[in-house]
Number of protein chains: 2
Amino acid sequence: MTQRPVIDNDAVSELTTGRLSVYLRCLTYLESIEQTTVSSQELAKRFHLNSAQIRKDLAHFGELGTRGVGYNVSRLKAHLSRTLGIDRQRNVLIVGAGNLGLALADYRGFNTNGFHIVALLDVDPEKIGKTSRSGAPIAVWDELQTIVRSQAVEIGIIAVSAEAAQNVHDALASAGVCAILNFAPVQLRLRDDVKVKSVDLRINLESLSYYLKNSEDAACGTD
Amino acid sequence: MTQRPVIDNDAVSELTTGRLSVYLRCLTYLESIEQTTVSSQELAKRFHLNSAQIRKDLAHFGELGTRGVGYNVSRLKAHLSRTLGIDRQRNVLIVGAGNLGLALADYRGFNTNGFHIVALLDVDPEKIGKTSRSGAPIAVWDELQTIVRSQAVEIGIIAVSAEAAQNVHDALASAGVCAILNFAPVQLRLRDDVKVKSVDLRINLESLSYYLKNSEDAACGTD
DNA sequence: GCATGTGAATGGATTCACAGCT
DNA sequence: AGCTGTGAATCCATTCACATGC
């Protein structure tokens, strides 16, 4: 009847997926020190998590552990990679080749283990044709649609000013990008067929400021 | 009796302060277009928020609105600035002058309206003595304690590798910095007299990947 | 015995719906 | 009439505690 938005059937909450990412990182570490088995309690103690929550999170995906023993590190790691959809490469396009865009392009973790940055876009003629330190080419903004289609871009990153962000969002959406990571400090008008996650760096600073203000009287300090 | 950690008395939750930051930004915009009064409903409609939540959030701080009318834009804006503690300047030190550190130093919003970046620190001799584009000096890592004390640094930003992050955290804490914004993808061992907020860029990408995987069968498209 | 997986209990946060003020 | 401020109701997430299985 009505046009259904793209909805995940039995999907798990975003808070949970965030923790899955954390678990994945912990497991990668454990694998690197050649530990083969780990219990939820050990994970919790080592990485300051809650063991019940770990078990509940993992239980969403069937019985991954062995009672009396724990979880097999590499098997669980592989399972989480698959669950998060990073067992294959996803192509990423960064719009905005300013400081932030370039920093993200070279950020370890944005160009590895499932993600590949195909290019950055900008309007500044000075920048076009150059590359980021990691080698991602900087192309002209007009190429957006072409690049998205020819390079099978699945994720777009908005690293432009607040003013330009809505336009970039709309262009990415029209070009067929379904997932966007937005760094511009605005409330974007969203479309229900595109998933947008916003990271607002300023809000984090303000939150710390609030904390400081609230503990201004209390002692806080050096020993 | 026991040594009390620094606890905020009647403080409001972090989710709430995040929204206060958003409201503040909306009000700044409304002020710029010279609107003097706004109701919770209008705010909600304009910026895709929930009017009941706006009212509840604001009600924590007394009766800021006028029944039958709404809120006075600039009065509310001033109040939120005070509440968030950005009605005065807070000095910020960035540790790590790599791409991310430099991007943050030049990020509009990190060096304005209540925040001032006093310096970046690094270990690379190549970088020492230079400045970021915005003019923040890059100093040598050993100067951390000196700079924190002489420049009254209140907020530290960790923009170094995962491996180095714990050390940086500890050094900042010992130097007397009470609030830290961490960009390194690690679970830090925390101290209870220091507030740490972590921003994990990779987790956001993985969350989008999860979304993509879960809507892979469903249509997701262009127009 | 030991650790998982899970219903039940708790604790927060969001939303509803309306009383109370202008 | 209109909009705030707020108890009550709802929803969601976390934690507890134990039955289940290795």
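Residues numbered from 1 in each chain as written. Chains lettered and ligands numbered in written order. Predicted model: local features only at pLDDT ≥ 70, side-chain atom pairs only at ≥ 80, totals over all residues. Heavy atoms only, no water.

Before we go on, may I ask you to explain the relation of the copies chain B and chain A in this structure?
For the pair of chain copies, the relating operation is a rotation around an axis with a shift along it. For the pair chain B and chain A, the superposition axis carries a translation of 0.0 Å, the fit reaches an RMSD of 0.0 Å, and the rotation angle comes to 180 degrees. Taken together, the rotation and translation relating the two chain copies correspond to the operation of a two-fold axis. Looking at the rotation axis and the C-alpha trace of chain B, the residue lying nearest is B:Ala103, at 3.1 Å. In this assembly the copies share their binding face: 99% of the residues contributing to the interface of chain B also contribute to that of chain A. (Least-squares fit on C-alpha atoms with pLDDT ≥ 70 in both. Contact = heavy atoms within 4.5 Å.)

So what exactly am I meant to see when it comes to the environment of B:Ser132 here?
All names here are of chain B. Tracing the chain through its elements places Ser132 in the loop between strand E4 (115–122) and strand E5 (138–140). In this structure Ser132 touches Leu102, Ala105, Asp106 and Leu120, once residues within four positions along its chain are discounted. Side chain to side chain, Ser132 and Asp106 meet in a polar contact 3.1 Å long. (Helix = DSSP H or I, 4+ residues; strand = E, 2+ residues; numbered from the N terminus. Polar contact = N/O pair within 3.5 Å; in protein donor to acceptor, adjacent residues only side chain to side chain.)

Which parts of the structure should I look at to understand the packing of aromatic side chains?
Given two aromatic rings, their pairing is described by the distance between the two centres and the angle made by the two planes. All names here are of chain B. Evaluated as defined, the whole model comprises four aromatic pairs over all chains. Seen from their ring centres, Tyr29 and Phe47 are 6.3 Å apart, and the 85 degrees between their planes marks the pair as edge-to-face. Here Phe47 lies in helix H2 (residues 40–47) and Tyr29 lies in helix H1 (residues 14–32), a separation of 18 residues in the sequence. Here Tyr29 falls in the partly exposed class, since its relative accessible area comes to 38%. (Phe/Tyr/Trp six-rings, centres within 6.5 Å; stacked < 30°, edge-to-face > 60°. Buried < 20%, exposed > 50% of the residue type's maximum accessible area, 1.4 Å probe, protein only.)

Sorry, what's going on with the protein's contact with DNA strand D here?
Taken together, 25 residues lie around DNA strand D, and A:Arg19, A:Arg67, B:Ser40, B:Arg55 and B:Tyr71 are the ones closest in. Taking the atoms of DNA strand D that fall within 4 Å of the protein, sugar and phosphate contribute 62% of them. The separation between a phosphate oxygen of DNA strand D and a polar side-chain atom of A:Arg19 is 2.7 Å. At 3.0 Å, a backbone N or O of B:Leu64 approaches a phosphate oxygen of DNA strand D. Breaking the surface near DNA strand D down by element, the ones donating at least two residues are helix H1 (14–32) and helix H3 (51–59) of chain A together with helix H3 (51–59) of chain B. Partitioning the surface near DNA strand D into residue classes produces six nonpolar, 11 polar and eight charged. (Near = heavy atom within 4 Å. Nonpolar A, V, L, I, M, F, W, Y, C, P; charged D, E, K, R; others polar.)

What is the right way to look at H3(B) in this model?
All names here are of chain B. By the burial criterion, the buried members of H3 are Ser51, Ile54, Asp57 and Leu58. In an axial view of H3, the angular spread of the buried residues amounts to 125 degrees, which keeps them on one side of the axis. Looking at the buried positions of H3, the neighbouring elements they touch are H1, H2, strand E2 (71–72) and helix H4 (73–84). Taking the backbone nitrogen of Ala52 as reference, a side-chain oxygen 2.8 Å away marks Asn50 as the first, capping residue of H3. (Arc of directions from axis to C-beta.)

Please clarify how the sheet that holds E5(B) should be interpreted in this entry.
In any sheet, the strands associate via hydrogen bonds between backbone groups, in a parallel or an antiparallel arrangement. Residues and elements named next belong to chain B. Spatially, six strands are ordered E5-E4-E3-E6-E7-E8 in an open sheet, and the strand pairing comes out parallel. Among the strands making up the open sheet, the edge pair consists of E5 and strand E8 (195–198). Strand-to-strand twist of the sheet, defined as the mean angle between neighbouring strand axes without regard to direction, takes the value 25 degrees. In this structure, strand E3 (residues 90–95) lies alongside E4, joined through six bridges in parallel fashion. (Pairing = 2+ DSSP bridges. Axes fitted to C-alpha atoms, helices over the stretch in contact; angles between N-to-C directions.)

Is there a simple way to think about the nonpolar core in this case?
Of all hydrophobic cores here, the largest spans 98 residues; its most connected members are A:Phe110 and B:Phe110. Setting aside anything within four residues of it in sequence, one finds A:Phe110 in contact with A:Leu104, A:Phe115, A:His116, A:Ile117, A:Ile157, A:Leu181, B:Leu201, B:Arg202 and B:Leu205. (Core = buried A, V, L, I, M, F, W, Y, C linked by side-chain atoms within 4.5 Å.)

I keep staring at the side chain of B:Arg202 and nothing clicks. Help me out?
With respect to the helices and strands, the residue B:Arg202 is situated in helix H8 (residues 201–214). Judged by its relative accessible area of 9%, B:Arg202 falls in the buried class. A polar side-chain atom of B:Arg202 sits 2.8 Å from the main-chain carbonyl oxygen of A:Gly109. Among the polar contacts made by the side chain of B:Arg202, one reaches the main-chain carbonyl oxygen of A:Thr112 at a distance of 2.9 Å.

Is there a simple way to think about helix H4 (residues 73–84) of chain A in this case?
Residues spaced three or four apart along an α-helix point in a common direction, a consequence of the helix completing one turn every 3.6 residues. A rise of 1.5 Å per residue sets the reference length of H4(A), with its 12 residues, at 16 Å; its end C-alpha atoms lie 16 Å apart and thus fit the reference within 8%. Listed as buried for H4(A) are A:Val73, A:Leu76, A:Leu80, A:Ser81, A:Thr83 and A:Leu84. Within H4(A), the buried residues cover an arc of 165 degrees as seen down the axis, which keeps them to one side. For H4(A), the secondary structure elements touched by its buried residues are H1, strand E1 (37–38), H3 and strand E2 (71–72) of chain A together with H8 of chain B. Looking at where H4(A) begins, the residue whose side-chain oxygen comes 3.2 Å from the main-chain nitrogen of A:Ser74 is A:Asn72. After H4(A) finishes, the residue A:Gly85 shows a positive phi value of roughly 75 degrees. (Expected span 1.5 Å × (residues − 1).)

I tried to follow unusual backbone geometry on my own but got confused; where do I start?
Where the residue is not glycine, phi is negative for most of them; where a peptide bond is considered, it is trans in most cases. All names here are of chain B. Of note, His48 is a non-glycine position whose phi angle comes to about 60 degrees, a positive value. Note that His48 resides in the loop between H2 and H3. Overall, the relative accessible area of 40% leaves His48 in the partly exposed class. Even without being glycine, Asn113 reaches a positive phi, approximately 50 degrees. Within the secondary structure layout, Asn113 lies in the loop between helix H5 (99–106) and E4.

What exactly am I supposed to notice about the protein's contact with DNA strand C here?
Close to DNA strand C lie 23 residues, the nearest being A:Ser40, A:Arg55, A:Tyr71, B:Arg19 and B:Gln53. For DNA strand C, the backbone makes up 65% of the atoms found within 4 Å of the protein, where backbone means sugar plus phosphate. Within the side chain of A:Tyr71, an N or O atom sits 2.8 Å from a phosphate oxygen of DNA strand C. A distance of 3.0 Å separates a base oxygen of DNA strand C from a polar atom in the side chain of B:Lys56. Going through the elements one at a time, H3 of chain A together with H1 and H3 of chain B are the ones with two or more residues in the surface near DNA strand C. The element best represented in the surface near DNA strand C is H3(B), accounting for four residues. Residues that form the surface near DNA strand C fall into these classes: six nonpolar, nine polar and eight charged.

I would appreciate a short explanation of the interface of chain B and chain A in the present structure.
Where interface size is quoted, it is often the accessible area lost as the parts come together. With 81 residues of chain B in contact, the opposing surface of chain A contributes 82 residues. For the pairing of chain B and chain A, the buried interface totals around 7400 Å² over both sides, and the portion due to carbon and sulfur atoms is 59%. For the chain B face of the interface with chain A, the top three residues by lost area are B:Arg202, B:Leu205 and B:Tyr210, together amounting to 10%. One can count four salt bridges joining chain B with chain A. For the salt bridge of B:Arg25 with A:Asp200, the shortest nitrogen-to-oxygen distance reads 2.1 Å. There are 30 residue pairs in polar contact (both at pLDDT 80 or more) connecting chain B and chain A. Residue assignment for the side of chain B that touches chain A shows that the elements contributing at least two residues are H1, H4, H5, strand E6 (153–158), helix H7 (162–175), strand E7 (179–182), E8 and H8 of chain B. Per-element tally for the side of chain B that touches chain A: the top contributor is H8(B), with 14 residues. Broken down by class, the residue content of the side of chain B that touches chain A amounts to 36 nonpolar, 22 polar and 23 charged. (Buried area = accessible area lost by both parts, 1.4 Å probe. Salt bridge = Lys/Arg side-chain N within 4 Å of Asp/Glu carboxyl O.)

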